[in-house]
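Listed below, chain by chain, are the residues.
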Amino acid sequence: MTWDKIALFFLQLSWTVQHVTAIHRHDIYPYGMFYGDVTLQEGDDETSEVTTLTKPMYFYETSFTNLYVATNGIISTQDLPMEKQYVDDGFPTDFPVIAPFLADIDTSKGKGSIFYRQTESPTVLKRAEADVKRGFPDATFTPTHAFIATWENVSAYEEVTRSSSPSSRINTFQVVLAYNEKDTYALFLYPEDGLQFFGTRPKESYNVEIELPARVGFTRGELSFLFFSRTEGPYYSVTSNEQSVKNLYQKGNIGEPGVWLFHIGNRYSFQNVIPAQHETVLTKAPPVLDAVFPDEDYTETDEEEYDRIDPDFQDPSTTEFLEPEQDSSLLERLNQEVPLGQSPPQPSVSGPGAFPPPDPHNLPSEDVTRPQRPLPKHAILQVYPNRVKDVPPHASGGQFDFTSLFKSNLSLFPLSPAVIHYSTDNKETCERFQQQCSQNAHCTDYSTGFCCHCSSGFYGNGRHCLPNGAPHRVNGKVRGTVLVGGTAVQLDRINLHAYIVVGDGRAYTAISEVPEPVGWALMPMAPIGGLFGWLFALELPNSLNGFSITGAEFTRHADVTFYPGNQRLSIVQTAMGLDNQNYLNVDTHLQGSVPFIPPGATVQIEPFKDTYHYYPSLITSTSVREFTVVSAENGAETHTFQVKQNITYRDCNHGPRSELETQELRMERIFVMYVKEERILRYAITNKIGPLGDPEPEDVNPCYSGNHDCDTTAQCVPAEGQLFLCQCATGYRGDGRNCYDVDECAEGLSSCGAHSYCMNLPGSHRCQCESGFEFGFDGRTCQGKIHLHFLFNLNCHNISQYYSLCFVVRADVDECRDQPCHTHALCSNSPGSFQCHPKFYNIWFICIEVTPTQHPETVCERWRASLLQQYGGQPESHHYLPQCDSAGEFNPVQCYGDSSYCWCVDQNGREVPGTRSHDAVKPACIPTVAPPTMHPLPRPDVTPPPTGTSLLYAQGQQIGVLPLNGTQMDKQRSSVLLALHGSIVVGIDYDCRERKVYWSDLAGRTISRASLEPGSEPEIIINTALTSPEGLAIDAARRRLFWVDSTSDKIETANLDGSDRRVLFDTDLVNPRAIVVDSRTGTLYWTDWNREAPKIESSSVDGQNRRVLVQDGIGLPNALTYDSTTRQVCWADAGTKRLECISPNGTGRRVVHSDLSYPFSMVAFANHYYYTDWRRDGVIALSRDKQSTDEHLPDQRSHLYGITVAPPHCL
């Protein structure tokens, strides 16, 4: 830094400290959507959705976990009543309130904004800690959490008449709640010129010219009194009249006008709010100094100067990215207004300073970072020094003693040019803030602070870490207003779910309950789901996907402009951390307009590449994309849209930094569709991320191409050339091609401590505190709370004569303090729980212990616990432990430790004969217990497929439709034919004469059918004497149905309505699975995948002429079909990984394909074979001449079972 700039710095500083004014707007705590704030809906009487605090906060003596922000200048711990019940009444209110400015405020029609968020930012927490120290010097308080709410430029409600015009008076104020496990402090901030109205008129004033002054203060609300009444709780008022409201920005109680501090809660004992008592108005610490350095002055020395500014004591500002014309004008204006060597112009006492404050909504994230390379061209570096402590007194004559300040703060103003150092006495350290790291990360202290780093086997930013290779889910809500062709469509918090196969970068996104007009119009908006593709993209060498950088907390702003219509849509997606299932939670807000797309149209988006630019705490990209709309009305039309986006996140600037500057995101397959019948909008994108401009080699390793056969819960580890290894993700066990969840709870591998229990999760586990306990502020240790219980021996007729006070100390959470019962019920606390009872008069407090409800221990869980005890809690690799799913049921595949010795079991854990395996390919076991259903459920009626030929496939609890265009799979028109919740649909076939689909249900032990007519409902045709019905086949010519039962080891037949049922074969069968019929010749074919002696057999449809067709060179023949074109029987083998065909007489055996993955079922049509694959969880298409392959991966990820073809007429 040049000495001229240092002189300018000192001149600005000397100017600011001479004036005693209220806190400036840019000195209040940072806020706005750029910092991850949520914006309250516009209106006159709006209340936010509940904010669930990550840790409870004490208000008065009570612990609360929920906060609500209201338009009318208040925060409450409970949902608010209508404003007419409190806004025009006096103080206190009858419900808990924190009121920085309680008045009738109106933000409708763009009259201001209200922002709020909870944060654990060390920058915010340290500033709050310093502010509390100024007001309560003797307090020992280190906040761990904060909640910030800001009312910006809000207006008073007013009824505008013809004779009156709307007022231009607006207010800005802020409340900061800082707390830890014991205390809560509240800061009210009223910036200079921030209060322009001081009260509001009642709505029902009956033309009387009165104005109620704003009420400022705190109230606990009404409390239960005795067992049958309520009484007014404690409260504290800051204001009483209009003048006291004006004092809010003219005075303060911690030495700075406009800043008010209060102690508002304590864990142990708290009578009422305590205000800070530092009434003396001290010289205000220097505000922001806009250190603006023109481009022409940039040198390498300047870059070092930026790098070495200690960010610990910067307020939340780093770089403000301006448009070129803005940057230029601002630089010119500042250069004109503050020429070097001259004093800056003096501002008026009542107005803002000469230097305009930065717009807080365009600033980067809270935790300031230092760039490791030059900033973008148009950048202004805002330098916020720490508030100066122990400022020397003024010299005589009121002049500031600058020399004393300089000498006493050499660490702040060093003589060495280009370096600014700060003290690190109160830097953040692992000892104080380690709880901010993921449980799968380690904390490292550096010279200026700490950073979190994910442990080996995990990826993320250290604050949030996920296991390498494991699939991931995203849950969230979508809200906002979208204008479609002049029609405004409101999206009211509809559900968004995404599933990402991290191993190959596939991201599936589904948004439900999307109204039809906007559903079609949002099909081109693949960038909504594209966020998840970038977050979990397949990483090419020397690259990082988004989650590895941002973790699970960030804000993504995307502005989309459509051409040629110039419609604009804003997409704001806020990631709010990982939930208790370790899934990412993302809120999506859409606002703007999109082009109209005709109903029934399809949208095609070609693969494209996008370049991402990386800065500290900021990632940006700009791209132009094409999409084609194909409709019956207009044919094919091509449109474009531009996407400008930035992603802000919390960066750790203390440790070693990545040299990452640019990366290229490659979206290779993009599939979008809107299902009108289900009102579901779907996006499916395959994503890779790598260095910019690196051409992909021709012989790319399968790990990078995504063509490996690793399990979806495994990581593909590239080796030399085309070689690779499959490694099960952390939390899973297996050979990499078959991975199974490790139950850390049952195997004693959890880290859960005292007063907690372990809950197994896919690939992980979590510790849950026992009832009556909660996590401490380390987020890992369960602890009880110590409360004072006040018991009153009272007579309801004469209270004062029977008053006694008892103190009971208990290490238990008193749930009754949160008033969980109905207002006409009595809450009784007990160790670890509570109960609600009807109220009675003249009785004592009765405590009854209640055991928390949990699902009963299952057979699998009991057996596992017993064996685990026998093994001393440490089973070895050769020991057997039953593997249970999340509901406690037996996993269908059971194995000995890490070995390949596996077998199938039924729902009772009994071994299924003939399923034992001794090789890497585990048996193809099917679950016998359906997964739990979620409510509400869609109606189980048919959504007919489009005209033409379609594939029908079974996927557990539904039957899917995949239309064919010739022999090509029309993936964009895929849909759900039939939802069958609670079922496990395995076998499936189609009757071309009556256009009915038939299927077997392993969970319900039934065989059913349904017509393909709209609204048709399932009809059960067989529901007795079935154990494990799997494959089935329709003989359209003879109107007969054939099926196999893999547990009773039978092949049976019946008429299509279930009548005339009889057994064809019940001997020499071990594990029958697939069955097909050649109606032309009346021949049956079936497979038996007995692991000791697999075979394929045939017979006539009446059970005659049974013979073995194939028994050599096969391993696990799951799939079987009859190719009517070649007149051959074909099968797909999950053991040998081959697709082979043979003539019915046993001759002409040939290999069609030899590199299959894990086929389960197959059908032949024209010159193609279509099979379901358990490794890919999709439908794979293979041409008979081996010239082409394709795949369809449904949005819903789960195993696919049977598959058949449904032509428009019999072939």
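Residues numbered from 1 in each chain as written. Predicted model: local features only at pLDDT ≥ 70, side-chain atom pairs only at ≥ 80, totals over all residues. Heavy atoms only, no water.

In the annotation of an unreviewed UniProt entry, the entry for the protein chain reads Nidogen 2a (osteonidogen), and the organism field reads Cyprinus carpio. Quoted verbatim from the Subcellular location (unreviewed entry) field of UniProt, the annotation for the protein chain is "Secreted, Extracellular space, Extracellular matrix, Basement membrane". (UniProt positions renumbered as here; feature names shortened; annotations may be inferred.)

A.B. asks: Please clarify how the overall build of the protein chain should be interpreted in this entry.
C.D. replies: The secondary structure content of the protein chain amounts to 12 helices and 77 strands. Residue burial in the protein chain is summarised as follows: out of 1211 residues, 56% are buried. Here the contacts in the protein chain between residues at least 6 apart in sequence split such that 58% fall between residues at least 24 apart. (Helix = DSSP H or I, 4+ residues; strand = E, 2+ residues; numbered from the N terminus. Buried < 20%, exposed > 50% of the residue type's maximum accessible area, 1.4 Å probe, protein only. Contact = heavy atoms within 4.5 Å.)

A.B. asks: Would you mind showing me how to read the sheet that holds strand β62 (residues 1040–1045) here?
C.D. replies: Strands belonging to one sheet form pairs held by backbone hydrogen bonds; the direction of such a pair is parallel or antiparallel. Taken together, 4 strands build an open sheet; the order of strands is β61-β62-β63-β64 and the sheet is antiparallel. The sheet is open, and its two edges are formed by β61 (1029–1035) and β64 (1062–1065), each paired on a single side. The sheet shows a mean angle of 30° between the axes of neighbouring strands, direction not considered. By the bridge criterion, 6 bridges tie β62 to strand β63 (residues 1050–1055) in an arrangement that is antiparallel. If you follow Trp-1043 over to β63, its bridge partner there is Glu-1052. (Pairing = 2+ DSSP bridges. Axes fitted to C-alpha atoms, helices over the stretch in contact; angles between N-to-C directions.)

A.B. asks: So what exactly am I meant to see when it comes to unusual backbone geometry here?
C.D. replies: Most of the time, phi is negative for any residue but glycine, and the peptide bond is trans. Look at the link from Tyr-563 to Pro-564: it is a cis peptide, with omega at 15°. Structurally, the position occupied by Pro-564 is in the loop between β30 (553–563) and β31 (568–578). A positive phi angle is found at Glu-513, which is not glycine, with a value near 55°. Along the chain, the position of Glu-513 falls in the loop between β28 (506–511) and α8 (516–521). One non-glycine residue with positive phi stands out, namely Asp-1068, at about 55°. As for its position among the elements, Asp-1068 is in the loop between β64 and β65 (1072–1078). On the basis of relative accessible area, Asp-1068 is assigned to the exposed category, the value being 59%.

A.B. asks: Teacher, can you tell me more about the packing of aromatic side chains here?
C.D. replies: Pairs of aromatic rings are described using the distance from one ring centre to the other and the angle between the two planes. Applying the stated criterion across every chain yields a total of 35 aromatic pairs. Aromatic pair Tyr-459 and Phe-547: ring centres 5.7 Å apart, planes at 70°, arrangement edge-to-face. Of this pair, Tyr-459 sits in strand β24 (residues 458–460) while Phe-547 sits in helix α10 (residues 547–550); the two residues are 88 residues apart in sequence, bridging distant segments of the chain. Each of the two residues, Tyr-459 as well as Phe-547, counts as buried. The ring of Tyr-29 has Arg-127 sitting right over it, with the charged end atom 4.1 Å from the ring centre. The ring centre of Phe-1065 lies 4.9 Å from the NZ or CZ of Arg-1106, which sits over that ring. (Phe/Tyr/Trp six-rings, centres within 6.5 Å; stacked < 30°, edge-to-face > 60°. Lys NZ or Arg CZ within 6 Å of the ring centre and 35° of its normal.)

A.B. asks: Any chance you could explain the environment of Ser-1183 here in plain terms?
C.D. replies: Topologically, Ser-1183 is positioned in strand β75 (residues 1178–1183). Along the backbone, Ser-1183 and Ala-1166 are 17 residues apart, and their C-alpha atoms lie at a distance of 9.2 Å.

A.B. asks: Help me out: how do you make sense of the sheet that holds strand β73 (residues 1159–1165) in this one?
C.D. replies: The strand order across the open sheet formed by 4 strands is β73-β74-β75-β76, and the pairing between neighbours is antiparallel. Each edge of the open sheet is held by one strand with a lone partner, namely β73 and β76 (1189–1192). Averaged over neighbouring strand pairs, the angle between their axes works out to 20° when direction is ignored. Of the pairings in the sheet, the one linking strand β74 (residues 1168–1173) to β75 comprises 6 bridges and is antiparallel in character. Residue pairing for β75: Thr-1172 is matched across the bridge by Val-1179.

A.B. asks: What's the story with the nonpolar core in this structure? I'm lost.
C.D. replies: Generally speaking, soluble globular proteins have nonpolar side chains that are buried together. Ranked by size, the top nonpolar core spans 68 residues in total, and within it Met-525, Trp-534, Phe-536 and Leu-569 carry the most contacts. It is strand β27 (residues 487–501) that provides the largest number of residues to this core, a total of 6 residues. Those residues in contact with Trp-534 that sit more than four places away from it in its chain are Asn-545, Gly-546, Thr-550, Tyr-612, Tyr-614, Ile-619, Ile-647, Leu-665 and Ile-689. Ala-103, Leu-195, Phe-197 and Val-245 belong to the second largest nonpolar core, which has 40 residues in total. (Core = buried A, V, L, I, M, F, W, Y, C linked by side-chain atoms within 4.5 Å.)

A.B. asks: Honestly, the pairing of strand β34 (residues 608–615) in this entry has me stumped. Any pointers?
C.D. replies: Every other side chain in a regular strand lies on the same face of the sheet, so the side chains alternate between the two faces. Two elements, β34 and strand β37 (residues 662–675), share 6 bridges in a ladder whose sense is antiparallel. In the sheet register, Thr-611 faces β37, and the bridge partner there is Glu-664. By the bridge criterion, 3 bridges tie β34 to strand β35 (residues 618–631) in an arrangement that is antiparallel. From the neighbouring strand, Tyr-615 faces β35, where its bridge partner is Leu-618. Count of turn residues in the β34/β35 antiparallel hairpin: 2 residues, of which Ser-617 carries a positive phi of about 70°.

A.B. asks: Looking at this structure, how should I read the state of the cysteines?
C.D. replies: Here, the word disulfide means a covalent bond between the sulfur atoms of two cysteines. Taken as a whole and judged by the stated rule, the model has 15 disulfides. Across a sulfur-sulfur distance of 2.0 Å, Cys-752 and Cys-767 are joined as a disulfide pair. Across the disulfide from Cys-752 to Cys-767, rotation about the S-S bond amounts to roughly -95°, and the bridge is consequently left-handed. One end of the pair, Cys-752, is in the loop between β42 (739–741) and β43 (756–761); the other, Cys-767, is in strand β44 (residues 764–769), and 15 residues separate them in sequence. Cys-767 sits in the buried class, given a relative accessible area of 14%. Paired by a disulfide, Cys-904 and Cys-925 hold their sulfur atoms 1.8 Å apart. (Disulfide = S-S within 2.5 Å.)

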